[in-house]
Amino acid sequence: MYLGVHVSTSGKIYEAIDRAQALGCAAIQIFSRNPRQWRQLQLREEDAQEFKRRRLASSVKVVAVHIPYLINLATPYDGLYSRSIEAYVEDIRETAALGAQYLVTHMGSFKNSTMEEGLKRFIGALDIVFRETKDLKQVKLLLENTAGSGSWLGYTFDHHRIIFDSVKDNSKLGVCLDTAHAFAAGIDIRKPEVFDPLLEEIGDKLGRKALPVVHLNDSIGACGSLIDRHGHIGKGFIGVKAFKHIVNHPRLKDAAFILETPKDTPRADRTNLNRVRRLLVT
């Protein structure tokens, strides 16, 4: 397994590698640009090259880029829909330029529409995005599950299955499992008799290699609360016992575990990483 955290790209984007290296990370996730704004600047080629150079000289083996929050491929509004498709294409190209393997995305919100229409819009958009980026086979788009609040798609893995089955080419699709989101959506992953069949379901319906990244987060909300609030490892409702089972699961031995836990103190990332390392069975 590859363990790491979501790392800031403050300053120059390649400085994220230095921050990850200082924490001993083998995997990282970044925002390649401001996650709450539309693109202001293009990634500079020299910065992308330096990012790749520093990564090759570091312990970081897996890089995931998280797509900005404004993008919505499930929206019923045509202007936002078109702009989101354009942004997806740009972000996949930027992910490839950084040498990153994965682009993680939420599936979007169908607010003022229906779930069925939201899925239809998302699938249609992916067909366009994949056609426009067919030359970038090294980047996989990972569909992240959500906590089930509001009108967001992805709170059930049935949505993932529908998308995998409906896009014209799913060879560039994968899954990012967020533990806090699954728990908040009502999947009690504290129980091996629930978590193990969940992994089987993902493997059977989406492919045995469909789950390369896990967002490893505890949950401030109770199971089924629909509250998307991440907690420190072992300090929320999921708890240490469940995380020990998850990080040592044989089906996830090649996965990247990326923490998105609170950064409320300067040592928070290091503390959470060390908690996970102590759970690993060697």
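Now for a quick tour of the structure. Note that the coordinates shown come from a computational prediction; the quantities given were computed from them, not determined experimentally. (Residues numbered from 1 in each chain as written. Predicted model: local features only at pLDDT ≥ 70, side-chain atom pairs only at ≥ 80, totals over all residues. Heavy atoms only, no water.)

### Digging into the side chain of Asp269
- Mapping Asp269 onto the fold places it in helix α9 (residues 268–279).
- The class for Asp269 is buried, based on a relative accessible area of 13%.
- A distance of 2.6 Å separates a polar atom in the side chain of Asp269 from a polar atom in the side chain of Lys263.
- Once you skip the residues sitting within four places of it in the chain, Asp269 turns out to touch Val5, His6, Leu23, Thr261 and Lys263. (Helix = DSSP H or I, 4+ residues; strand = E, 2+ residues; numbered from the N terminus. Buried < 20%, exposed > 50% of the residue type's maximum accessible area, 1.4 Å probe, protein only. Polar contact = N/O pair within 3.5 Å; in protein donor to acceptor, adjacent residues only side chain to side chain. Contact = heavy atoms within 4.5 Å.)

### Digging into the nonpolar core
- Within the largest apolar cluster, 79 residues are counted, with the highest numbers of intra-cluster contacts made by Ile28, Ile163 and Leu216.
- If we skip the residues at most four places from it in the chain, Leu216 touches Thr179, Ile233, Phe243, Ile246, Val247, Phe257, Ile258, Leu259, Glu260, Thr261 and Val276.
- Residues Leu142, Cys176, Val213 and Ala256 belong to the second largest nonpolar core, which totals ten residues. (Core = buried A, V, L, I, M, F, W, Y, C linked by side-chain atoms within 4.5 Å.)

### With respect to the sheet that holds strand β5 (residues 140–144)
- Strand order in the closed barrel formed by eight strands is β1-β2-β3-β4-β5-β6-β7-β10, and the pairing between neighbours is parallel. Averaged over all pairs of adjacent strands, the angle between strand axes in this sheet comes to 30°, irrespective of strand direction.
- With three bridges connecting them, strand β6 (residues 173–178) and strand β7 (residues 213–215) associate as parallel partners. Considered in β7, the bridge of Leu177 is made with Val214.
- Contacts between helix α3 (residues 78–97) and the sheet are confined to β3 (62–66), β4 (102–105) and β5, with β4 contributing the most and set at about 145° to the helix. (Pairing = 2+ DSSP bridges. Axes fitted to C-alpha atoms, helices over the stretch in contact; angles between N-to-C directions.)

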